[in-house]
Amino acid sequence: MTTVEQELEFEPDPTVPAATETSASGSIGRAVMRRVASTIVTLICATIVVFLLVQLVPGDPAQIIAGEDASTERVEQIREELGLNNPLPIQYVTWVGDLLRGDLGDSAITGEPVVDALQRTFPRTLHVVVAGLAVAVLLGVPLGILAALRSHTPVDGSIRMLATVGLAVPNFWLGLMFVTTFALTVDWLPATGFVPITDNVLESVRHLVLPALTIGLTAMAAITRQTRSAMMEVLDADFIRTLKAMGLKRRIVVWQHALRNASIPVVTIIGLDINRAIGGTVVIESVFGINGIGSLVVSATTQRDFPVVQGVILVVVFFVVITNLVVDLVYVWLDPRISLS
């Protein structure tokens, strides 16, 4: 063990080590349970809001299912079969019961189970979002660190200018430029379509490159700016100067100590970018011809296919809430003191 490592070692107080460790573990456990309980309550409230919003949309679902030329008797029969004549609380309880069994109903237009439609489209959207966020994090965090380490230099100025441009450029325009340049002009990559990674890994990656770059470069700008700001604040802290004075290598100081302490605001931005990417896939999927969840909800909204709209909104809300829960748990992992607040 080196001299520096020995100096960083602290002998625990022999009188209360177990009590302190148990108390800290208990605090973290209680914080996790509080966040999980809050997430469950949020999900329950979300189901109520989604249910009521769809009920308030103009149009009669029974009339849509039966068709414009259907008789009044046929429309009433469908309303009775679907339970639309029941009071809203009973309809909600019935809907939640079906939801807990994995039944989101059937499409009013095609008759396809909503679950099947989501299973077909949501993985495509998830592939694009995950690939885009991977690009954003792998580029944004190192660039933000580099800008902080070279603050107030031409390198820092160039990175900040790049981030500003990334925030200002609309992602749909960026996607169109990518298609024009790399698909239509030089024919390096496919312009549209989606190939599941389980079918052909190489073709799947080729089809994901342009959508991932479109999402990733836009999200990268915010991550770069936040990483730079947080790292500059931490690098000026007293404990960083102490670590440097004790002889720790710069690489260890930056990546193991400074980045961990600066990572909480960065994690917040990444969580927000995930939610924005899910909500913004409608445009990206339109540009690149991907039949994902965005295309599904646009089509269902146009045709007033209420069960599909309800299912898509619910899945997106569930994904966003779970993402927020994961971000909260990462906060506690990065800094257990947060669990005491």
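Residues numbered from 1 in each chain as written. Predicted model: local features only at pLDDT ≥ 70, side-chain atom pairs only at ≥ 80, totals over all residues. Heavy atoms only, no water.

This part covers the overall build of the chain. A tally of helices and strands in the chain yields 14 helices and zero strands. The helix and strand sequence of the chain, counted from the amino end, reads α-α-α-α-α-α-α-α-α-α-α-α-α-α. Taking all 341 residues of the chain together, the buried fraction comes to 36%. Summarising the internal contacts of the chain: among those between residues at least 6 apart in sequence, 73% fall at separations of at least 24. On the chain, roughly 19100 Å² of surface is accessible, and the fraction owed to carbon and sulfur atoms is 65%. (Helix = DSSP H or I, 4+ residues; strand = E, 2+ residues; numbered from the N terminus. Buried < 20%, exposed > 50% of the residue type's maximum accessible area, 1.4 Å probe, protein only. Contact = heavy atoms within 4.5 Å. Areas by Shrake-Rupley, 256 points an atom, 1.4 Å probe, with all protein chains shown as cover.)

Let us look at the pattern of salt bridges. In a structure, side chains of opposite charge can pair up when their charged atoms sit close to one another. Tallying each qualifying case throughout the model produces seven salt bridges. Between Arg-101 and Asp-98 there is a salt bridge, and its shortest N-O distance comes to 2.2 Å. A salt bridge links Asp-238 to Arg-241; the nearest nitrogen and oxygen atoms lie 2.2 Å apart. Residue Asp-238 and its partner Arg-241 are located together in helix 10 (residues 238–245), separated by three residues, close to a single helical turn. Residues participating in the shared-partner salt-bridge network are Asp-156, Arg-160 and Arg-228. (Salt bridge = Lys/Arg side-chain N within 4 Å of Asp/Glu carboxyl O.)

Time to look at the confidence of the model for the chain. Averaged over all residues, the pLDDT of the chain is 80; the fraction at 70 or higher stands at 86%. For the chain, per-element mean pLDDT is lowest for helix 1 (residues 3–8), which scores 44, and highest for helix 6 (residues 114–149), which scores 90. Per-residue pLDDT stays below 50 along residues 1–21; that stretch engages in eight contacts with residues further than four places along the chain or on separate chains. (pLDDT = per-residue confidence, 0-100.)

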